[in-house]
Amino acid sequence: MNETNAAPGQQQLDLLDVVLSEITTVVQGVKREDIQRLADVLAGAPRIFAAGEGRSGLMAKAFAMRLMHLGLPVHVIGESTTPSVQRGDVLVAISGSGTTAGTVRVALQAATVGAMVHAVTTDPDSPLAAQAATVLVLPAATKYRRPGEAMTVQPLSSLFDQATHVGLDVVCLLLATRLQVDNAAAAAAHANTE
C-alpha cells in the first residue's frame, strides 16, 4: 500500500518508520568513543555550560536539565541566572551546521577565558568545531542540505535535533552509571514546583 492510498493511520505509521530509520542511520554513524569522551570530560568538570540557538538551544536545555538531575553543576548560556564562564569550566556548544553565529561566538568567548569547549555538530570542519577541544559529530541533515548530509523527509534540522537528543541522553546514561545515580535519585532532583 503506498502512502497516497493508505488509510490515515497507515500513513502515520509509515512516516514513523521512516523517521525512526533516519535516526537509526545517523546514530550508526556516531563514533562511540566520542560519546564516551564527552561523558568522561563532563564527569570531572567543575561547572558545565550548555549553549545553542533555536531548536539546538532547546536540545541544550534538555541536556542541561538531565545533567542537573544527575547532580552536576550546570548552566544554560543566555539564562538570566547563568554566571560567567571561567577557566576550567566546560562548554557544550550545539549547532547542526557549526556556523550558527551566536553559538560560535559563545564558544570563542569561552575558549578565550580558558574554558574547554566541546562541539556537537554535523561538520567537524566547521567554525564551531575549530573552537572545540573535542567534537561529537552527528552525521545528520541540517537546514542547509549540504552535499554529504544525510537524506531526510523531515524539514530543516529535525533529524539533527533528534540525533542530538538521543546522543546526549546516552552521554547522560554513561554519567548516571559512573556517578551511581539511579532513577530514584534523579527523580529526587526533579522539579517539585510543577
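Residues numbered from 1 in each chain as written. Predicted model: local features only at pLDDT ≥ 70, side-chain atom pairs only at ≥ 80, totals over all residues. Heavy atoms only, no water.

Undergrad: So what's going on with the overall build of the protein chain? Residues and values would help.
TA: Along the backbone of the protein chain there are 7 helices and 5 strands. Along the chain direction, N to C, the helices and strands of the protein chain fall in the order α-α-β-α-β-β-α-β-α-β-α-α. Taking 194 residues into account, the globule formula puts the C-alpha radius of gyration at 16 Å, and the protein chain, at 18 Å, falls close to it. Its C-alpha atoms give the protein chain principal-axis dimensions of about 60 × 40 × 30 Å. Here the protein chain, with 194 residues, has 42% of them falling under the buried criterion. Considering only residue pairs separated by 6 or more positions, the protein chain has 68% of its internal contacts joining residues 24 or more positions apart. For the protein chain, the computed accessible surface area is about 10200 Å², with 57% contributed by carbon and sulfur atoms. (Helix = DSSP H or I, 4+ residues; strand = E, 2+ residues; numbered from the N terminus. Rg over C-alpha atoms; globule rule 2.2 N^0.38 Å. Buried < 20%, exposed > 50% of the residue type's maximum accessible area, 1.4 Å probe, protein only. Contact = heavy atoms within 4.5 Å. Areas by Shrake-Rupley, 256 points an atom, 1.4 Å probe, with all protein chains shown as cover.)

Undergrad: Give me the lowdown on the nonpolar core, citing residues and values where you can.
TA: By size, the foremost hydrophobic cluster in this structure holds 37 residues, and its most contacted members are L42, L67 and V171. Looking at this core, the elements with two or more residues in it are helix 1 (8–28), helix 2 (32–43), strand 1 (48–52), helix 3 (54–69), strand 2 (74–76), strand 3 (90–94) and helix 6 (158–179). Among the elements that make up this core, the one with the highest residue count is helix 6 (8 residues). Contacts of V171, omitting those with residues within four sequence positions, involve I35, L38, A39, L42 and F63. In this structure, V85, A93, V106 and V135 belong to the second largest nonpolar core, which totals 16 residues. (Core = buried A, V, L, I, M, F, W, Y, C linked by side-chain atoms within 4.5 Å.)

Undergrad: Break down the pattern of salt bridges for me, citing the residues and quoting the values.
TA: All chains considered together, the criterion is met by 5 salt bridges. Salt-bridge contacts for R55 lead to D161; the nearest nitrogen and oxygen are separated by 2.5 Å. Here R55, found in helix 3, pairs with D161, found in helix 6; they are 106 residues apart in sequence, far enough to count as distant. According to the relative accessible area criterion, D161 is buried, its value standing at 1%. (Salt bridge = Lys/Arg side-chain N within 4 Å of Asp/Glu carboxyl O.)

Undergrad: Just give me the short version of helix 2, but keep the residues and values in it.
TA: Compared with an ideal rise of 1.5 Å per residue, which puts 12 residues at 16 Å, helix 2 spans 17 Å between its outermost C-alpha atoms and is within 8% of the ideal. Among the residues of helix 2, D34, I35, L38, A39, V41 and L42 are the ones counted as buried. Viewed end-on, helix 2 has its buried residues packed into an arc of 165°, placing them on one side of the element. Taken together, the buried residues of helix 2 touch strand 1, helix 3, strand 3, strand 4 (116–121), strand 5 (134–137) and helix 6. (Expected span 1.5 Å × (residues − 1). Arc of directions from axis to C-beta.)

Undergrad: Residues and numbers for the packing of helix 3 against helix 6, please.
TA: Two elements in contact, helix 3 and helix 6, have axes separated by 10 Å at closest approach and are oriented at 15°. Compared by their axis directions, helix 3 and helix 6 come out roughly parallel. Along this stretch, helix 3 crosses helix 6, giving a crossing that reads as right-handed. Listed contacts from helix 6 to R55, S56, M59, A62, F63, R66 and L67 of helix 3 are S158, F160, D161, T164, H165, L168, D169, V171, C172 and L175. In terms of residue class, the contact of helix 3 with helix 6 is built from 9 nonpolar, 4 polar and 4 charged. (Axes fitted to C-alpha atoms, helices over the stretch in contact; angles between N-to-C directions. Parallel < 35°, antiparallel > 145°, perpendicular 65-115°, else oblique. Left-handed = near helix turned anticlockwise from the far one by under 90°. Nonpolar A, V, L, I, M, F, W, Y, C, P; charged D, E, K, R; others polar.)

By themselves, these are just geometric observations and shouldn't be taken as functional.
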